[in-house]
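Below, each chain spelled out in residue letters.
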Amino acid sequence: MTTSFGAANTALIKDPKIQIPIFLRGGTGGFVSSANSLALNRHRNVPSLPLSSNSPSLIRAVSTPAKPNTATETKRSKVEIIKEQSNYIRYPLNEELLTDAPNINEAATQVIKFHGSYQQYNRDDRGPKNYSFMLRTKNPCGKVSNRLYLTMDDLADQFGIGTLRLTTRQTFQLHGVVKKDLKTVMSTIIKNMGSTLGACGDLNRNVLAPAAPLTRKDYQFAQQTAENIAALLTPQSGFYYDVWVDGEQAMTAEPPEVVKARNDNSHGTNFPESAEPIYGTQFLPRKFKIAVTVPTDNSVDILTNDVGVVVVTDDEGEPQGFNLYVGGGMGRTHRLETTFPRLGEPLGFVPKEDILYAVKAIVVTQREHGRRDDRKYSRMKYLIDSWGIEKFRSVVEQYYGKKFEPFRELPEWEFKSYLGWHEQGDGSLFCGLHVDSGRIMGKMKKTLREVIEKYNLSVRLTPNQNIILCDIRNAWKRPITTALAQAGLLPPRYVDPLNVTAMACPALPLCPLAITEAERGIPDLLKRVRAVFDKVGLKYSESVVIRVTGCPNGCARPYMAELGLVGDGPNSYQIWLGGTPNQTSIARTFMNRVKVQDLEKVLEPLFYHWKRRRQSKESFGGFTNRMGFEKLQELVDKWDGPVLAPSRFNLKLFADKETYEAIDELAKLQDKNAHQLAMEVIRNFVASQQNGKGE
């Protein structure tokens, strides 16, 4: 469809049977609906405006043909009403920040999400709630300048809990900021090349892209596209800067193609004359997630996003356009089968010059048709599941103004961690560092700061909660490696393979949604899985993708894991099986309400039979899918322990009985056997020797 919806709007306004939404200009440049203007003006002591047709402040903001009036008003969620009354995400946050209370009210807690913050309290504390705020940054592609990293490091010590948290969407989370310090922290981030705008809330979140600072043309193009999409979908009404820096917005030059695409209303995508041309007063029904990558590189979990964008190149490596996936998403609700995680599916191909218009058309389709009555069903995946991909494609094409071309064939996806040392392609090196659960603290935090500051390095955050140090000269490699190793940041060959791919959300004690532990529990869980591996005879080099979340919302994307643990009660997890190492298939629920102390009763038989029954190079996820859950359940129910041949290792590791018995006693104190403890000591010794050499 190539005709403009905007042209139809002119005719509709003349039809007395059609109800046109009317919006009034707010005192700070935003707009509110006429139905809510009186209430808003009373809150802000603004005199009411007359609703006359010749009023200079009257705006008719219509993006698509308005629907005829019906007898019953469409049901809307409470958050939709809060957004409508917020004067473009200002009220009542602007007033609540001025009170002496340590917290903000319910409406303001919804509004502040759009500013990149959640209100929390420490659930370990007894007595009155100890309120604080978590701030999340917005870093397209995970790019962080040297100046911003040092600023975030300082803020964590001065106003947070002394740690930085790397997220699964390539951003920082800063925990523990109290209300009276919010404006200081926010303004400091803004003034040091950072932002938290849109890191949370019902709008486009941080746009992912491969974090590797490679100079390859396709990677550069993917990262630039991610930054352009992020700019296209950034709120325009100024609410963020009004609240935190008194309206002082640092002017940055946007690429002209971004400005052109945002302002284009050829196909009825925009709210004319609105402070938010794409979002309007209501923004989106729910959060919206986008990732951009290149063929084979699935470091971004491409299929878990609302929109997945894949660069397509010609035989010379020159970018030609993009394949688009739509409809991915992780969140669900326990015991409610109408909510579910979902993989993105192919929508089509667009030429490279059309990508911003195509993404905008998808966003507008969700804005106009996504459910706003029940937030459990407001993500775009439910719209596509309800409509089917053909209808969804047809509606998007009306806003896009073109037909999508056929999806281009792609090679197999691979998970890429980018850990260790690599050539950037411009003569410099980059170094990827594993950070357990993304938590930078203690000596690691101090050393990272020293290295980043001394060598003036920029960094990249990865979607796997790790960090990459960029633009390193060859001469710096040895001293940097030595310094990092002394802080426990080891080369990847010394990191347990289970830890390399594992992820966990923060969960308790600060997340209000957590049902049980995730980040605090995963170190012990991984040690227990490693012990089971040893017990059933799996090699140290073997690995399984393990992801743990404290609730079913899926922040650490557990439904893509080979073994997903999803909190479903105190010290209890749902077990999900069937994801694959390259994150291309969705897991399914295997068991419910498994107590944390009983996990070995499930994992031992699964790993034992995987070792003995798997096909050549078959992953654990592939094995569980091939066997089927009914058979796996039978194996778990009948489990009496592994049948193992007598160990041969003691003869090699222990020269005499006395040494073996001494090690065995020490091992029992750590709930290990003598062989496990001896191997751990040997691995640590080898690692320390290598680190001492600076390798």
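About the cut-offs
Residues numbered from 1 in each chain as written. Predicted model: local features only at pLDDT ≥ 70, side-chain atom pairs only at ≥ 80, totals over all residues. Heavy atoms only, no water. Helix = DSSP H or I, 4+ residues; strand = E, 2+ residues; numbered from the N terminus. Buried < 20%, exposed > 50% of the residue type's maximum accessible area, 1.4 Å probe, protein only. Polar contact = N/O pair within 3.5 Å; in protein donor to acceptor, adjacent residues only side chain to side chain. Contact = heavy atoms within 4.5 Å. pLDDT = per-residue confidence, 0-100. Core = buried A, V, L, I, M, F, W, Y, C linked by side-chain atoms within 4.5 Å. Expected span 1.5 Å × (residues − 1). Phe/Tyr/Trp six-rings, centres within 6.5 Å; stacked < 30°, edge-to-face > 60°. Lys NZ or Arg CZ within 6 Å of the ring centre and 35° of its normal. Axes fitted to C-alpha atoms, helices over the stretch in contact; angles between N-to-C directions. Parallel < 35°, antiparallel > 145°, perpendicular 65-115°, else oblique. Left-handed = near helix turned anticlockwise from the far one by under 90°. Salt bridge = Lys/Arg side-chain N within 4 Å of Asp/Glu carboxyl O.

### Regarding the side chain of T171
Logical step 1: Residue position: T171 is located in the loop between β7 (164-166) and β8 (172-177).
Logical step 2: What makes T171 buried here is its relative accessible area of 1%.
Logical step 3: There is a polar contact of 2.7 Å between the side chain of T171 and the side chain of T167.
Logical step 4: In this structure T171 touches R136, T137, K138, N139, R165, L166, N206 and L461, once residues within four positions along its chain are discounted.

### Things to note about the confidence of the model for the protein chain
Logical step 1: Of all residues in the protein chain, 86% have pLDDT values of 70 or greater, and the mean over the chain is 88.
Logical step 2: Mean pLDDT across the elements of the protein chain bottoms out in strand β3 (residues 58-60) (27) and peaks in strand β9 (residues 290-293) (99).
Logical step 3: Taken as a whole, residues 1-71 scores under 50 in pLDDT and shows 123 contacts with residues more than four places along the chain or in a different chain.
Logical step 4: Below a pLDDT of 50 lies the segment residues 647-651, which in the model reaches two contacts outside its immediate sequence neighbourhood of four places, other chains included.

### Observations regarding the nonpolar core
Logical step 1: Ranked by internal contacts, the top residues of the largest apolar core, which has 112 residues, are Y149, L324, I362, F392, L448 and L469.
Logical step 2: Broken down by element, this core gets its largest block of residues, eight residues, from helix α11 (residues 355-369).
Logical step 3: Other than its neighbours up to four places away in sequence, I362 contacts F288, V307, L324, V326, L347, M380, F392 and V396.
Logical step 4: Grouped together as the second largest cluster of nonpolar side chains are 42 residues, C505, L525, F533 and L606 included.

### Observations concerning helix α13 (residues 389-400)
Since the α-helix turns once every 3.6 residues, residues separated by three or four places project in the same direction.
Logical step 1: Here α13 spans 16 Å end to end across twelve residues, near enough to the 16 Å set by a 1.5 Å rise per residue.
Logical step 2: Among all positions of α13, only I389, F392, R393, V395, V396, E397, Y399 and Y400 are buried.

### Looking at the packing of aromatic side chains
Logical step 1: Applying the stated criterion across every chain, the model contains 22 aromatic pairs.
Logical step 2: For the pair F590 and F629, a centre-to-centre distance of 5.4 Å together with 80° between the ring planes defines the contact as edge-to-face. In this pair, F590 sits in strand β22 (residues 588-595) while F629 sits in helix α20 (residues 629-637), placing the two residues 39 residues apart along the sequence.
Logical step 3: In this arrangement the basic side chain of R408 is found over the ring face of F349, its NZ or CZ atom lying 3.7 Å from the centre.
Logical step 4: The lysine or arginine in question, R614, covers the ring of W610, its NZ or CZ lying 4.7 Å from the ring centre.

### Details of the packing of helix α6 (residues 146-159) against helix α14 (residues 442-454)
Logical step 1: For the pair α6 and α14, the least separation of the axes is 10 Å and the interaxial angle reads 150°. Here α6 lies roughly antiparallel to α14, going by the angle between them. Viewed along their axes, α6 and α14 form a crossing whose handedness is left-handed. Listed contacts from α14 to N146, Y149, L150, D153, D154, A156 and D157 of α6 are K445, L448, R449, I452 and E453.

### Focus on the pattern of salt bridges
Logical step 1: According to the stated counting rule, one finds 45 salt bridges in the structure shown.
Logical step 2: For the salt bridge of D124 with R520, the shortest nitrogen-to-oxygen distance reads 2.8 Å. Taken together, the residues D124 in the loop between β4 (117-121) and β5 (131-136) and R520 in the loop between β18 (503-504) and α17 (522-536) connect sequence positions 396 residues apart.
Logical step 3: A relative accessible area of 41% places D124 in the partly exposed class.

### A short note on unusual backbone geometry
Logical step 1: In this structure, the amide linkage connecting Y91 to the following residue, P92, adopts the cis form with an omega of 0°.
Logical step 2: Position of P92 among the secondary structure elements: in the loop between α3 (78-84) and α4 (93-96).
Logical step 3: The omega angle of the peptide bond from L508 to P509 is 10°, so this bond is cis rather than trans.
Logical step 4: Structurally, the position occupied by P509 is in the loop between β18 and α17.
Logical step 5: With phi around 55°, N456 is a residue other than glycine that occupies positive phi space.
Logical step 6: Within the secondary structure layout, N456 lies in the loop between α14 and β16 (459-461).
Logical step 7: Even without glycine at this site, A507 takes up a positive phi of about 55°.

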